[in-house]
Amino acid sequence: MTAPATPETERFEREWLHLATLVDSDLPGWSRTGFSEEDRAARAWLLALMRDAGLDAYSDAAGNLIGSIEGTNPTAPAIVIGSHSDTVPGGGRFDGIVGILGAIEVVRMLRAANVRLRRTLRVVDFANEEGNPQGVKLVGSRAIAGSLDRAALEAVDAAGVTLAALMTGAGHSPELLSGARWRPGDIDAYLELHIEQGPVLTEAGAHIGVVTSICGISTFALDVAGRRDHGGTMPMSTRSDAMCCAADAVLSVQQIASARAEAVGTVGAVTTPSPLTNTISEAARVTGEFRSPSAAGLAELRAEFSATTAVRDRRHRTRSRLQWLHTDAPTPMDTGLSAIVVGAAEAAGERPLRLYSGATHDGVAMSEIAPSAMIFIPSRDGRSHCPEEWTELADIGRGISVLYGSVIAVDAR
Ligand SMILES: [Zn+2]
């Protein structure tokens, strides 16, 4: 008996609604932050759901949920599909969640269609993709890729609690992380279905996106030194006002990023140790970041912002020190694998749009050990990481169908 390979979107909706009840009611939106009590409850439920779908599933030392169905050639490198079920504080109900529930649905579709893959299929709910108060993102996927290093485990939050302690408190075993690591040759392909989290697909009238590259990010801290003087007596023309220079830097970030087609720039904080209105600020600090899907583009953004530092100092009679804190290089998705996804989308009657991802994903870590590709579906009004985050059920169904077709096509190549 062969059932048609279409996702049961009503079942998806039921499971999605249930997951939306496992949230922290003390926080706004739908909040299930990594390693929290709610995250634990959701993972216990997802583990049971994986097993119910026929997956041989377990939780690894980092808290990743991993389920597999053995292929007819179990020694062949595996196909991996999945996403994450944790959220940012005050987040929505679709980011990550669509990808993990969609991956489990693909397993059920394969069984319903009596398809036995040649390669083993692994489904992963990555632990804590969104990061934590310790400032470490992609915790689970980095553990799998072997790039969650000691410095990350020893990172602390404002109260001095390490990431390792946070993980231990949630019942995981960061001291056994080496056992969670996968060997690069183990994986043939990593495929992730995710919401776009931006407006590109909706504006283009497309239902399916295939990601070309995940943006690189450069973060900076700009320290401005001015001169403390009386705010009532010092004329405007002779002031050395650190806050004015900082405000100018905020607009530089906006202007530099706006002048490029594929770039964004965002300021995090503007702070000063002298908040008095009757005193001119002698110091100010601006933190921020630039993103670009190309390494050359990211380097140009850094160079341009660096070059404007001296211009602002002349204008405000200040002295600035710009530090580039951290750069994550852009992560191109695998060309061959992405072509297979495009083919699967076209076979499903879609006209997929190629686009880059401004947001970071587990695919960044997974691409260290496996060819990776991502399928995007539309986000209403481009909203994400907020309670208003929304994706139509019909688009979720389309996305799951394309993921299913991609798995079949990758297995057959
Ligand atoms: Zn996500």
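What counts as what
Residues numbered from 1 in each chain as written. Predicted model: local features only at pLDDT ≥ 70, side-chain atom pairs only at ≥ 80, totals over all residues. Heavy atoms only, no water. Core = buried A, V, L, I, M, F, W, Y, C linked by side-chain atoms within 4.5 Å. Buried < 20%, exposed > 50% of the residue type's maximum accessible area, 1.4 Å probe, protein only. Helix = DSSP H or I, 4+ residues; strand = E, 2+ residues; numbered from the N terminus. Contact = heavy atoms within 4.5 Å. UniProt positions renumbered as here; feature names shortened; annotations may be inferred. 1 Å grid on protein atoms, 1.4 Å probe; cavity = no way out; pocket = protein on both sides within 12 Å on 5 of 7 lines; lining within 4 Å. Polar contact = N/O pair within 3.5 Å; in protein donor to acceptor, adjacent residues only side chain to side chain. Domains from an automatic or database assignment. Buried area = accessible area lost by both parts, 1.4 Å probe. Salt bridge = Lys/Arg side-chain N within 4 Å of Asp/Glu carboxyl O. Nonpolar A, V, L, I, M, F, W, Y, C, P; charged D, E, K, R; others polar. Donors = N, O, S within 2.8 Å, 3.2 Å for Na, K, Ca; no water. Phe/Tyr/Trp six-rings, centres within 6.5 Å; stacked < 30°, edge-to-face > 60°. Lys NZ or Arg CZ within 6 Å of the ring centre and 35° of its normal. Pairing = 2+ DSSP bridges. Axes fitted to C-alpha atoms, helices over the stretch in contact; angles between N-to-C directions. Expected span 1.5 Å × (residues − 1). Parallel < 35°, antiparallel > 145°, perpendicular 65-115°, else oblique. Left-handed = near helix turned anticlockwise from the far one by under 90°.

Visitor: Before we move on, could you go through the nonpolar core and cite the residues and values that matter?
Guide: If you look at the biggest cluster of nonpolar residues, it comprises 51 residues, and the most contacted ones within it are Ile81, Val123 and Leu191. Here the element with the most residues in this core is helix H3 (residues 97-112); it accounts for 10 residues. Every residue in contact with Val123, bar those within four places of it in the chain, is listed here: Met50, Leu55, Leu65, Ile66, Gly67, Ile81, Ile100, Ala103, Ile104 and Val107. Grouped together as the second largest cluster of nonpolar side chains are 17 residues, Cys245, Ala249, Ala263 and Ala284 included.

Visitor: A description of the UniProt feature "binding site: Zn(2+) 1" (unreviewed entry) in the chain should follow, citing residues and the corresponding values.
Guide: Mapped onto this numbering, the UniProt entry annotates "binding site: Zn(2+) 1" (unreviewed entry) at His84, Asp95 and His194. Across 111 residues in sequence, these annotated residues keep their C-alpha atoms within 9.5 Å of one another, forming a single compact spot. Cross-referencing the annotated residues with the lining of the largest pocket gives His84, Asp95 and His194. Assignment of secondary structure puts Asp95 in the loop between strand E3 (78-84) and H3. When its relative accessible area of 5% is taken as the criterion, Asp95 is described as buried. The residues touching Asp95, leaving out its near neighbours within four places in the chain, are His84, Asp86, Glu130, His194, Ile195, Gln197, Ser384, His385 and Glu389. Of note is the side chain of Asp95, whose polar atom sits 2.9 Å from the side chain of His194. Here His194 falls in the buried class, since its relative accessible area comes to 1%.

Visitor: Please give an account of the UniProt feature "binding site: Zn(2+) 2" (unreviewed entry) in the chain that cites residues and values.
Guide: UniProt feature "binding site: Zn(2+) 2" (unreviewed entry): in the numbering of this structure it lies at Asp95, Glu130 and His385. A maximum C-alpha distance of 10.0 Å among these annotated residues, which run over 291 residues, shows that they cluster at one spot. As for the annotated residues, the ones lining the largest pocket are Asp95, Glu130 and His385. Only 3.1 Å separates the side chain of Asp95 from the side chain of His84, close enough to count as a polar contact.

Visitor: Residues and numbers for the domain arrangement of the chain, please.
Guide: For the chain, the assigned domains are domain 1 (9-214 + 331-412) and domain 2 (216-328). With centres defined by C-alpha atoms, the gap from domain 1 to domain 2 works out at 36 Å. Contacts between domain 1 and domain 2 engage 6 residues on the former and 7 residues on the latter. Of the roughly 410 Å² buried between domain 1 and domain 2 on both sides combined, carbon and sulfur atoms contribute 45%. Our enumeration of links across domain 1 and domain 2 arrives at 0 salt bridges. Counting across the interface, domain 1 meets domain 2 through 2 residue pairs in polar contact (both at pLDDT 80 or more). Its residues assigned to classes, the side of domain 1 that touches domain 2 comprises 3 nonpolar, 3 polar and no charged.

Visitor: Give me the coordination of the zinc ion: which residues, what numbers.
Guide: Here the zinc ion is held by the protein donor atoms His84 (NE2), Asp95 (OD) and His194 (NE2), which lie 2.0 to 2.2 Å from it. Taken in chain order, the donor set of the zinc ion reads H-x10-D-x98-H. Here Asp95, found in the loop between E3 and H3, pairs with His194, found in strand E5 (residues 187-195); they are 99 residues apart in sequence, far enough to count as distant.

Visitor: A description of the environment of Leu101 should follow, citing residues and the corresponding values.
Guide: Note that Leu101 resides in helix H3. The class for Leu101 is buried, based on a relative accessible area of 0%. Taking the C-alpha atoms as reference points, Leu101 and Leu46, separated by 55 residues in sequence, lie 8.6 Å from one another. In this structure Leu101 touches Phe12, Glu15, Trp16, Leu19, Trp45, Leu46 and Leu49, once residues within four positions along its chain are discounted.

Visitor: Any chance you could break down the pattern of salt bridges for me, citing the residues and the numbers?
Guide: This structure, assessed with the given rule, holds 19 salt bridges. A salt bridge links Arg228 to Glu282; the nearest nitrogen and oxygen atoms lie 3.5 Å apart. Taken together, the residues span a long stretch of sequence, with Arg228 in the loop between strand E7 (216-225) and helix H8 (242-258) and Glu282 in the loop between strand E8 (264-271) and strand E9 (283-292) at a distance of 54 residues. Note on Glu282: relative accessible area 25%, which makes it partly exposed.

Visitor: Please set out the packing of aromatic side chains residue by residue, giving values where relevant.
Guide: Aromatic rings in a pair are described by how distant their centres are and how their planes are angled relative to each other. Taken as a whole, this structure holds 10 aromatic pairs when the rule is applied. Through pairs of rings, three or more aromatic residues link up here, namely Phe220, Phe290, Phe305 and Trp324. When the ring centre of Trp30 is taken as reference, the NZ or CZ atom of Arg93 above it lies at 3.8 Å. Of note, Arg122 hangs over the ring of Trp182, and the distance from its end group to the ring centre comes to 4.4 Å.

Visitor: Describe in detail the sheet that holds E8, supporting the description with residues and values.
Guide: Here we have 4 strands laid out as an open sheet, ordered E8-E9-E7-E10, and antiparallel in their pairing. Edge positions in the sheet fall to E8 and strand E10 (319-328), since each has one partner strand and no second. Each neighbouring strand pair of the sheet contributes to a mean axis angle of 20°, computed without reference to strand direction. By the bridge criterion, 6 bridges tie E8 to E9 in an arrangement that is antiparallel. When the sheet's bridge partners are listed, Thr271 is paired in E9 with Arg285.

Visitor: Got a sec to walk through helix H12 (residues 393-412)? Specific residues and values, please.
Guide: Between its first and last C-alpha atoms H12 spans 29 Å; for 20 residues at 1.5 Å apiece the expected length is 28 Å, and the two agree. Listing the buried residues of H12 in full gives Asp395, Ile396, Gly397, Gly399, Ile400, Val402, Leu403, Tyr404, Ser406, Val407, Val410 and Asp411.

Visitor: Please set out the packing of helix H10 (residues 335-347) against H12 residue by residue, giving values where relevant.
Guide: Helix-helix packing: each pair is described by the crossing angle between the helix axes and the interaxial distance. Packing of H10 against H12 brings their axes to within 8 Å, and their N-to-C directions diverge by 125°. Here H10 lies oblique to H12, going by the angle between them. Note that H10 runs across H12; the crossing there is right-handed. Residue-level inspection shows Leu337, Ile340, Val341, Ala344 and Ala345 of H10 in contact with H12, the latter providing Val402, Gly405, Ser406, Ala409 and Val410. Residues of the contact of H10 with H12, tallied by class, amount to 8 nonpolar, 2 polar and no charged.

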